[in-house]
There are 2 protein chains.
Amino acid sequence: MKEVSIAVVGATGAVGSEFLKIMQERKFPAGEIKLLASSRSAGVKLEVNGRKLTVQETTAESFAGVQIAFISVSSEVSRRLVPEARKAGAVVIDDSSAFRMSPDVKLVVPEVNASDLDSHTGVISIPNCSTTPLVMALAPLGRLAKVRRVVADTYQSVAGTGAAAMTELRDQARSVLDEKKAERKVYPHQIAFNVFPQVERFLDNGYTTEEWKMLEESRKILHWPDLLVSATCVRVPVYISHCVSAHVEFDRPVSPQEARQALAAMPGVKVLDDPSQNQYPTPWNVAGTDDVFVGRIRKDASHPNGLAMWIALDNLRKGAALNAIQIAEELLKRNLLPERKVLQQAD
Amino acid sequence: MKEVSIAVVGATGAVGSEFLKIMQERKFPAGEIKLLASSRSAGVKLEVNGRKLTVQETTAESFAGVQIAFISVSSEVSRRLVPEARKAGAVVIDDSSAFRMSPDVKLVVPEVNASDLDSHTGVISIPNCSTTPLVMALAPLGRLAKVRRVVADTYQSVAGTGAAAMTELRDQARSVLDEKKAERKVYPHQIAFNVFPQVERFLDNGYTTEEWKMLEESRKILHWPDLLVSATCVRVPVYISHCVSAHVEFDRPVSPQEARQALAAMPGVKVLDDPSQNQYPTPWNVAGTDDVFVGRIRKDASHPNGLAMWIALDNLRKGAALNAIQIAEELLKRNLLPERKVLQQAD
């Protein structure tokens, strides 16, 4: 496979670190690798593919000659950097919510809608890490019967917020155990030994932006414009992995057995569902794995066409970094990248 | 008010300790107080109402002369002790699930169905601590419009399992922080920095007994035999307080404003719902309080007649001990207790 020159923006963050790990595990054919971050992290040295690389501050010039820019920073920073990367000719795979709902931006989970990449226009977004587990489970189920409505409550780890939140959980937990006051910096409420029903900010309709993404992004990825989703997104004192309790309503009855078969046949999904052995996914067990795990699959006792289930994934991997790399792999496979030479001549 | 002779069985447990605390806070008119527990806790001394009392092992003779027996032990032990307390003439308020669904046993949350006490037959059950928050919120909402269906996912603290589980969470959390292996004794999975979708044991239909209680007990307490409930009950690494994310479907549209007014007017319910200030109930904040708190009240975006909300309560207090004392207070107020003298003559 041809080598690809890449830039990793946010290389020292929670997702960026995972990205570099997975890239090496999967032997992604990275040629030149630029590690980029804010000025705060500039100078940090990281070993990637046996080479010692220095993290540089991201500037407009950083993207010269880059074929794929992986960007995992805040939406605000993405909004500034993505046009710069595009101007330099790079295809951008962006982890933020900044561009996801733009009509000309593809929002992709490769197992679900890889073919959307064929008409990409240079910026490809990764869905929110609570949307990904949902669409990975809904896609195969939607081939059994039309999915009309989903009620989804989440159990989201602090890794979704970033490395500082992971430190906050650790520090607060130690304070509580030592019977000291837990200090808050990242979150509006204590997260250690607590949960709170707020991920991101509130919209006027009473939902949070995170909850609304589960509706809008799912519709876009699945190409199901009339899908109904009501979510409550909750932060829990877990380091890594998100879980979703999903109650799915179809247009006809779907048996748990049918659902298990369809889910088991879906690439990237594993069914872990043996109540007799207390087997179902938990965040602790799925952290560090690549699949979306589904368990507790049962007939919904409150709806004739309903199924209830429990979905979990490593939010840093399939929820972010792995999904980004899979998109890059698809771009390569489908020959959807600009040639590097052309880019250099254009400079 | 006349004094009542009481026995507290499970006096050294998580609920029993809370019971003794609340009894004193509310100046419950306890005359003779017998503290009872298993042989393991016999001999423990506790101060109650300024008197130093010694915990005794529960035997068939323990209930002689007792007017009200509060029993908070496992269902297995309740099944053995309740008949003994009844034989001695005591009215039993039982915290276990053993008798809740018996047709001749009243299942009572006083704010919701105190009048059921008028026809009690000697054993009164307290609902499961994840049912109580749900019925406290549904009762006032059901006066606005008929409630057809509820989808409810829970976030349940370890206090629901008991004191040993609270120790397990503490010990495991310290082990994880110290990068040691977390030992499991109480739960099938690690609970520190983890969540798992299993509370109690599995039924053949794929639901757990805990989840099924939220359906059956709600129907009984609310006298709504055709209510539909689908629950997923999840244990979270929180010491005290349970939360429920509830998605409620009515037979006509109900506005968040109507719902807030109805909830605020319900005795024992407090609305804590100000997204602009990040205000909603969290387990950490509601622990130690007596009310059921409701927040995140919003129109359900996925159902024309739906509302979504977030409910939290201290599961040891309103979820168990406080509810038991409130039942006893109602029995006194309604003059539904046998006279002590009569009991003694019957001996």
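Residues numbered from 1 in each chain as written. Chains lettered and ligands numbered in written order. Predicted model: local features only at pLDDT ≥ 70, side-chain atom pairs only at ≥ 80, totals over all residues.

**Re the overall build of chain A**
Looking only at helices and strands, chain A features 10 helices and 15 strands. Projected onto its principal axes, the C-alpha coordinates of chain A cover approximately 65 × 55 × 40 Å. For chain A, with 347 residues in total, the buried portion stands at 55%. (Helix = DSSP H or I, 4+ residues; strand = E, 2+ residues; numbered from the N terminus. Buried ≥ 20, exposed ≤ 12 C-beta atoms within 10 Å, placed from the backbone.)

**Observations regarding the interface of chain A and chain B**
Listed by partner, the interface residues are 51 residues for chain A and 51 residues for chain B. For the side of chain A that touches chain B, the secondary structure elements donating two or more residues are strand S10 (147-155), helix H5 (163-177), strand S11 (228-232), strand S12 (242-250), helix H8 (283-286), strand S14 (292-299) and strand S15 (306-313) of chain A. Across the side of chain A that touches chain B, the residue classes tally to 28 nonpolar, 15 polar and 8 charged. (Contact = placed C-beta atoms within 7 Å. Nonpolar A, V, L, I, M, F, W, Y, C, P; charged D, E, K, R; others polar.)

**Points about the environment of Gly13 of chain B**
Residue and element names in this part refer to chain B. Here Gly13 shows up in the loop between strand S1 (4-9) and helix H1 (14-25). Among the residues examined, Gly13 registers 23 C-beta atoms within 10 Å and is labelled buried. Put simply, Gly13 and Val73 are 60 residues apart on the chain and 8.1 Å apart in space, counted from C-alpha to C-alpha. Beyond its immediate chain neighbours, meaning those up to four positions away, Gly13 contacts Ser72, Gly162 and Ala163.

**A few points about the confidence of the model for chain A**
In the predicted model, chain A carries a mean pLDDT of 96, and the fraction of residues at 70 or more is 97%. For the stretch residues 342-347 of chain A, pLDDT sits under 50, and the model shows 7 contacts to residues farther than four places along the chain or on other chains. (pLDDT = per-residue confidence, 0-100.)

**Side note on the relation of the copies chain A and chain B**
Relative to chain B, chain A is turned by 180° and slid 0.0 Å along the rotation axis, the superposed coordinates differing by an RMSD of 0.0 Å. Expressed as an axis order, the relation between the two copies is that of a two-fold axis. Taken as a fraction of all interface residues of chain A, those also at the interface in chain B reach 100%, which identifies the copy contact as same-surface. (Least-squares fit on C-alpha atoms with pLDDT ≥ 70 in both.)

**Some details on the packing of helix H4 (residues 131-142) of chain A against helix H6 (residues 209-222) of chain A**
Residues and elements named next belong to chain A. Taken N-terminus to C-terminus, the directions of H4 and H6 make an angle of 45°; their axes are 10 Å apart at the nearest point. Relative to H6, the element H4 lies oblique. Along this stretch, H4 crosses H6, giving a crossing that reads as right-handed. On the side of H4, the interface is formed by Thr131, Leu134, Val135, Leu138, Ala139 and Gly142, while H6 contributes Lys213, Met214, Glu217, Ser218, Ile221 and Leu222. Considered class by class, the residues forming the contact of H4 with H6 number 7 nonpolar, 3 polar and 2 charged. (Axes fitted to C-alpha atoms, helices over the stretch in contact; angles between N-to-C directions. Parallel < 35°, antiparallel > 145°, perpendicular 65-115°, else oblique. Left-handed = near helix turned anticlockwise from the far one by under 90°.)

**Concerning the domain arrangement of chain A**
Residues and elements named next belong to chain A. For chain A, the assigned domains are domain 1 (4-127 + 321-346) and domain 2 (131-315). Placing a centre on the C-alpha atoms of domain 1 and another on those of domain 2 gives a separation of 26 Å. The greatest single-element share of the side of domain 1 that touches domain 2, amounting to 3 residues, is contributed by helix H3 (residues 110-113). A breakdown of the residues in the side of domain 1 that touches domain 2 according to their chemical character gives 7 nonpolar, 4 polar and 2 charged. (Domains from an automatic or database assignment.)

**Here we look at the nonpolar core**
Counting 229 residues, the largest nonpolar core has Ala137 of chain A together with Ala137 of chain B as the members making the most contacts within it. In contact with Ala137 of chain A, other than residues within four places in its own chain, are Ala246, Leu263, Val269, Val292, Val294, Met309 and Ile311 of chain A. (Core = buried A, V, L, I, M, F, W, Y, C linked by C-beta atoms within 7 Å.)

**Thoughts on the environment of Ala164 of chain B**
Secondary-structure assignment places Ala164 of chain B in helix H5 (residues 163-177). Along the primary structure Ala164 of chain B and Gly13 of chain B are separated by 151 residues, whereas in three dimensions their C-alpha atoms are 9.2 Å apart.

**A look at the packing of H4 of chain A against helix H7 (residues 256-264) of chain A**
Residues and elements named next belong to chain A. For the pair H4 and H7, interaxial distance at closest approach is 9 Å and the crossing angle is 115°. Of the two possible hands of crossing, H4 and H7 adopt the one that is right-handed. For the pair H4 and H7, the contacting residues are Ala137, Pro140 and Leu141 in the first and Ala259, Ala262 and Leu263 in the second. Partitioning the contact of H4 with H7 into residue classes produces 6 nonpolar, no polar and no charged.

**As for the pairing of S11 of chain A**
Residue and element names in this part refer to chain A. For S11, a buried count of 4 out of 5 residues is recorded, marking the element as mostly surrounded by other parts of the structure. Taken together, the 5 bridges between S10 and S11 define a ladder with parallel strand orientation. Within S11, the position partnered with Val150 by the bridge is Val229. (Pairing = 2+ DSSP bridges.)

**Details of the pairing of S14 of chain A**
Residues and elements named next belong to chain A. Extensive coverage of S14 is indicated by the burial of 8 of its 8 residues. Sheet analysis places strand S13 (residues 269-271) next to S14, joined by 3 bridges and oriented parallel. For Lys270, the partnering residue across the bridge sits in S14 and is Phe293. In sequence, S14 turns back onto S15 through a hairpin of 6 residues.

**Structural notes on unusual backbone geometry**
Residue and element names in this part refer to chain A. Positioned with a positive phi, Phe193 is a non-glycine residue whose angle comes to about 55°. Here Phe193 shows up in the loop between H5 and H6. Despite not being glycine, Asn335 shows a phi value in the positive range, around 55°. Mapped onto the elements, Asn335 comes out in the loop between helix H9 (317-333) and helix H10 (340-346). Here Asn335 falls in the exposed class, since 7 other C-beta atoms lie within 10 Å of it.

**Here's the deal with the sheet that holds strand S5 (residues 56-57) of chain A**
Residue and element names in this part refer to chain A. Read across the sheet, 7 strands follow the order S5-S2-S1-S6-S7-S9-S8 without closing on themselves; strand pairing throughout is parallel. Because the sheet does not close on itself, it has two edges, and the strands there are S5 and strand S8 (106-107). With 2 bridges joining them, S8 and strand S9 (residues 123-125) adopt parallel strand pairing. Across the sheet, the residue bridging to Lys106 is Ile124, located in S9. Across the sheet, H9 lies against strand S1 (4-9), strand S6 (68-71), strand S7 (91-94) and S9, angled at about 155° from S7, the strand it touches most.

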